Amino acid sequence: MLRQWSVQSGQAPGEPAGEELWEQEMERLCSSRVPVRTLPYAMADRRILRQLREPEGVKTSCWQRWQRRQQTAGRRLGEAAQRLAQGFGLWEGALYEIGGLFGTGIQSYFTFLRFLLLLNLLTLLLTSSFVLLPLVWLRPPDPGPALNFTLQCPGGTQPQTGVPSFQSQLWSVLTGRAFNNTYLFYGGYRVGPESSSTYSIRLAYLLSPLACLLLCFCGILWRMVKGLPQKLFLGQDYRSPLSAKVFSSWDFCIRGQEAATIKKHEISNEFKVELEEGHRFLLVQQQTRSQRACHLLTCLRVNILIGLLVVGGISAIFWATKFSQDNKEKPLFVLLQYLPSGVISLVNFLGPLMFVFLVQLENYPPNTEVNLTLVWCVVLKLASLGMFSISLGQTVLCIGRNKTSCESYGYNACDYQVCWENSVGEELYKLSIFNFLLTVAFAYLVSLPRRLLVERLSGRFWTWLDREEFLVPKNVLDIVAGQTVTWMGLFYCPLLPLLNSVFIFFTFYIKKYTLLRNSKASPRRFRASSSTFFFQLVLILGLLLATVPLGYVVSSIHSSWDCGLFANYSAPWQVVPELVALRLPPSGQRAVYYLGSHAFRFPLLILLSLVLTVCISQSQANARAIQGLRKQLKWQVQEKWHLVEDLSRLLPEPGLGDSLGPESPHSRSSRPRSFCPGFPCPGSPGPRAPRPGPLLADAACRFRFPSSTDQ
Amino acid sequence: MGQCLRYQMHWEDLEEYQALTFLTRNEILCIHDTFLKLCPPGKYYKEATLTMDQVSSLPALRVNPFRDRICRVFSHNDVFSFEDVLGMASVFSEQACPSLKIEYAFRIYDFNENGFIDEEDLQRIILRLLNSDDVSEDLLTDLTSHVLNESDLDNDNMLSFSEFEHAMAKAPDFMNSFRIHLWGC
């Protein structure tokens, strides 16, 4: 760099101003506190800069040395924490391989799997450290025997029919009956009455699902916000503009030749679609009002049709769940146990196919087609799970219907004599297992044979069928549904996250095998950024869906009389007031009551609204400022060209034009000159700019606008 | 072929490289190994150089349509020293800051090296991004004019660095896609 510096001053002896500029630049760089490695210079230059900033000869005091050590340690710690947050570096090699072969769109699905595994393990850690470990360690005494109740129930419960012992072993594992009295289910937890001094396992059991859900919510939200582009909502356009797509389309991590060709196809498709959308948008804007109304009606038509299909699908789920619960002890329970899961999977398999077919009947632009189908698939998936829980609620807790057996105890004690929470937990357990088994079955019984047949046999049908496409949205929806089921079951089946972690672990390898061996890349591009945002959004919707029933059950539903931790409470939440009264001093109790009262909630709500209003008005003011600055930029440039034209008129000879060039940037540019090759030095000639006179083309090219990188 | 002398690097050098780049210790050692495999045997790694062809044929860059520009931007006097390779890896690493990536992306995309991305550069970028049989003249001109309409704020028919930076801020994909992980280890 110093070499270039002297060459620079040697080349243009008549410009002392240029050398001054270098000096100013060097001073600025030396005094700024920006880390050296963020500067866009060659390694040798950065080394020189670093030495100039902290010359080695100077004696650094103990304090400065200690400070520097702390800084390096802090930086290392930050890097290690970041790696930890990204999943302990688990599966890094596999992720890079997938990214190299298929691009970052498909890689984002596998990164998402890793994120979910992390969430589940965190949930498990929380639950086991606050509930299981104290339970095992403290060994609280068992409560007394359960009270006997006499129930007036219609009919009697039939005993289980005899099934061969081996099958019944396997069957009880698959239905969860084998684990009824273990820590897997709610019923296995037993604790004596609350006292004022020992650790309250009840409170821990009650609060840990809520805390886990809150933590997961914060984690997902944080990741969502991190992935959002910084200034997306400040500009006029909501979608990412074509210019950004042109510059960021290519995945630099691609290694395979085939992947590169496929990627080029994807990019060309995307560009064509974007241009087509742009044309369409212009056409739509020129439509008359009646045409717009017509267009809206046709939109509504297909949406109403799909809505009806969705309603039909979820009613099927409702009836299936009811039927299965009503006939729990019948001989045909082989099918009936897994009937709800089967119907849910069937509905979610057929639904998207029909949506795609219906949406294609209308003449939508391709992006709208994809988005519409996706939205409806998400709605169907979440509605199926919602309907499943509502249906369970109806049969177990008599929500929304009158049944005498529910009146005395608050739940359907006739059919669920032992433990209704266990039954609900078992249902969710079965759903979780069924989803995983279905994934495995599809991978090995559908994709693999399909690939083998397509490879071995020839014929028009087989060439048309081709390998399975790896559709990222479908896979994401499946895994999000599994996670929602886990969250729903946190209260009834506290170790369900452990099961889900194991399933996700194996799903990674199964999906990786399917992707690498049995699939072909989809020609439609799925961008990593918007897809990550989409995944997190669907995950948050699933979390909210899981929180609502939990909140309702915890606050208003009577627990089973003779099993579990909350046997003598009118609702599990009643433990909290009891403990508050038992353990806190009167002032503490008053504080807690105040926090729960309306006198606290309303001011908090008003405060939050104020903060929101301030944020929104700030962002609107920023948007207006940006508009103003853009206009100023245009005027400034017009002024510049005006001056350049004036200058060209005033100058008598063309030869003098060049010497004025290097001086003019002095007053205007403050962007650091770069010493690297591949970047023009002020003396180099540039191409001809179209507008000004050819003599001053060089001068014009050297103008730089102050950039925002000088932080 | 080539000496695979591991840990030819001194500890102080390793520390210095860690401070001057965004690479982790393992990444630096990995690149060190790759460099030694490719350079002529018997040379000290700080003095050896690689040609642009050798770097272009690394698995990480082999199918990259911009590999010639990458090699041109990061090399000095048409050869790569070890520190040049480290500098390149640092810019493409995961931990690099956005400003550094945007700066180098601008240099890579500036084909004619005049400090601006003009129409000619844009056309060349688009031609590189698409398969040769996919491109028609109309598509090219359409795309170029669209890009300039969107991002050229001062109406001079080319993109200066500020305009490029502004356009990149709306591209959340950029940080994800402008990344190369493994350099042939």
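About the criteria used
Residues numbered from 1 in each chain as written. Chains lettered and ligands numbered in written order. Predicted model: local features only at pLDDT ≥ 70, side-chain atom pairs only at ≥ 80, totals over all residues. Heavy atoms only, no water. Helix = DSSP H or I, 4+ residues; strand = E, 2+ residues; numbered from the N terminus. Buried < 20%, exposed > 50% of the residue type's maximum accessible area, 1.4 Å probe, protein only. Contact = heavy atoms within 4.5 Å. Areas by Shrake-Rupley, 256 points an atom, 1.4 Å probe, with all protein chains shown as cover. Lys, Arg positive; Asp, Glu negative; His and termini not counted. Charge placed at Lys NZ, Arg CZ, Asp CG, Glu CD. Axes fitted to C-alpha atoms, helices over the stretch in contact; angles between N-to-C directions. Parallel < 35°, antiparallel > 145°, perpendicular 65-115°, else oblique. Left-handed = near helix turned anticlockwise from the far one by under 90°. Nonpolar A, V, L, I, M, F, W, Y, C, P; charged D, E, K, R; others polar. Salt bridge = Lys/Arg side-chain N within 4 Å of Asp/Glu carboxyl O. Core = buried A, V, L, I, M, F, W, Y, C linked by side-chain atoms within 4.5 Å. UniProt positions renumbered as here; feature names shortened; annotations may be inferred. Disulfide = S-S within 2.5 Å. Polar contact = N/O pair within 3.5 Å; in protein donor to acceptor, adjacent residues only side chain to side chain. Buried area = accessible area lost by both parts, 1.4 Å probe.

1. With respect to the overall build of chain A
Scanning chain A from N- to C-terminus turns up 26 helices and 2 strands. Each of the 711 residues in chain A was classed as buried or not, and the buried ones make up 43%. Relative to all contacts within chain A whose residues are 6 or more apart in sequence, the contacts with residues 24 or more apart total 76%. Total accessible area on chain A stands at roughly 38,800 Å², and carbon and sulfur atoms take up 64% of it.

2. Observations concerning the overall build of chain B
Along its length, chain B carries 10 helices and 4 strands. Traced from its N-terminal end to its C-terminal end, chain B shows the element sequence α-α-β-α-α-β-α-α-β-α-α-β-α-α. Residues counted as buried form 59% of the 185 residues belonging to chain B. Sequence separation of 24 or more characterises 61% of the internal contacts of chain B that already satisfy a separation of 6 or more. Summing over all exposed atoms, chain B offers an accessible surface of approximately 7,000 Å²; the carbon and sulfur share of this is 49%. With 15 positive and 32 negative side-chain charges, chain B shows a separation of 10 Å between the mean positions of the two kinds.

3. Here we look at the packing of helix H2 (residues 25-38) of chain B against helix H5 (residues 82-92) of chain B
All names here are of chain B. Where H2 contacts H5, the axes come no closer than 11 Å and their chain directions differ by 135°. Regarding the angle of H2 to H5, the classification is oblique. As for the relative orientation of H2 and H5, their crossing is right-handed in sense. Here Ile28, Ile31, His32 and Phe35 of H2 lie close against H5, whose contacting residues are Phe82, Val85, Leu86 and Ala89. Of the residues contributing to the contact of H2 with H5, the split by class is 7 nonpolar, 1 polar and no charged.

4. Points about the pattern of salt bridges
This model, assessed by the stated rule, comprises 21 salt bridges over all chains. In this structure, Glu92 of chain A engages Arg114 of chain A in a salt bridge whose closest nitrogen and oxygen atoms are separated by 3.1 Å. Separated by 22 residues along the polypeptide, Glu92 of chain A in helix H5 (residues 92-102) and Arg114 of chain A in helix H6 (residues 104-138) bring together distant segments of the chain. For Glu92 of chain A, a relative accessible area of 19% corresponds to the buried category. Its salt-bridge partner being Arg451 of chain A, residue Glu455 of chain A comes within 3.6 Å of it at the nearest N-O pair. Linking Glu455 of chain A with Arg451 of chain A, this pair stays in helix H16 (residues 420-456), spanning 4 residues, or about one helical turn. Given a relative accessible area of 42%, Glu455 of chain A falls into the partly exposed group. Among the residues examined, Arg451 of chain A registers a relative accessible area of 14% and is labelled buried. Residues participating in the shared-partner salt-bridge network are Arg47 of chain A together with Glu16 and Glu83 of chain B.

5. Focus on the nonpolar core
Counting 107 residues, the largest nonpolar core has Phe110, Phe112, Trp487, Phe491 and Phe566 of chain A as the members making the most contacts within it. When residues in this core are grouped by element, the largest group, 14 residues, is from H6 of chain A. Excluding its chain neighbours within four sequence positions, the residues that come into contact with Phe566 of chain A are Tyr186, Arg202, Tyr205, Leu206, Phe491, Ser559, Pro572 and Val575 of chain A. Formed by 77 residues, the second largest nonpolar core is a distinct cluster that contains Leu14, Tyr45, Met88 and Phe178 of chain B.

6. Side note on the UniProt feature "domain: EF-hand" (unreviewed entry) in chain B
Mapped onto the present numbering, the UniProt feature "domain: EF-hand" (unreviewed entry) falls at residues 97-132 of chain B. For residues 97-132 of chain B, the helix share is 64%, the strand share is 6%, and the end-to-end C-alpha distance is 34 Å.

7. What about unusual backbone geometry?
Located in the positive-phi region is Trp91 of chain A, a residue other than glycine, with phi close to 65°. Position of Trp91 of chain A among the secondary structure elements: in the loop between helix H4 (62-85) and H5. Residue Asn157 of chain B is not a glycine yet carries a positive backbone phi of 65°. When you line up the elements, Asn157 of chain B lands in the loop between helix H8 (137-151) and strand E4 (158-159).

8. Regarding the state of the cysteines
The full count for this structure, using the stated rule, is 0 disulfides over all chains. Between Cys212 of chain A, a cysteine without a disulfide, and Cys216 of chain A, which holds the nearest cysteine sulfur, the sulfur-to-sulfur distance is 6.5 Å.

9. Describing the side chain of Glu421 of chain A
Residue and element names in this part refer to chain A. By secondary structure assignment, the location of Glu421 is in helix H16. Overall, Glu421 belongs to the buried group, its relative accessible area being 1%. If sequence neighbours within four positions are ignored, Glu421 has contacts with Tyr186, Tyr492, Ser559, Ser560 and Cys563.

10. A closer look at the side chain of Thr507 of chain A
All names here are of chain A. Relative to the elements of secondary structure, Thr507 occurs in helix H19 (residues 496-518). In this structure Thr507 comes out as buried when scored by relative accessible area, which is 5%. For Thr507, the side chain forms a polar contact with the main-chain oxygen of Phe503, separated by 2.5 Å.

11. Details of the interface of chain B and chain A
Each side of the interface is counted separately: chain B has 79 residues, and chain A has 72 residues. Here chain B packs against chain A, burying approximately 7,300 Å² in sum over the two surfaces, 61% of which is carbon and sulfur. Connecting chain B to chain A are 2 salt bridges. Across the salt bridge formed by Arg47 of chain A and Glu83 of chain B, the nearest N and O atoms sit 2.6 Å from each other. Summed over the shared surface of chain B and chain A, the result is 14 residue pairs in polar contact (both at pLDDT 80 or more). If one sorts the elements of the side of chain B that touches chain A by residue count, helix H9 (residues 161-169) of chain B sits on top with 8 residues. Per-class residue counts for the side of chain B that touches chain A are 41 nonpolar, 20 polar and 18 charged.

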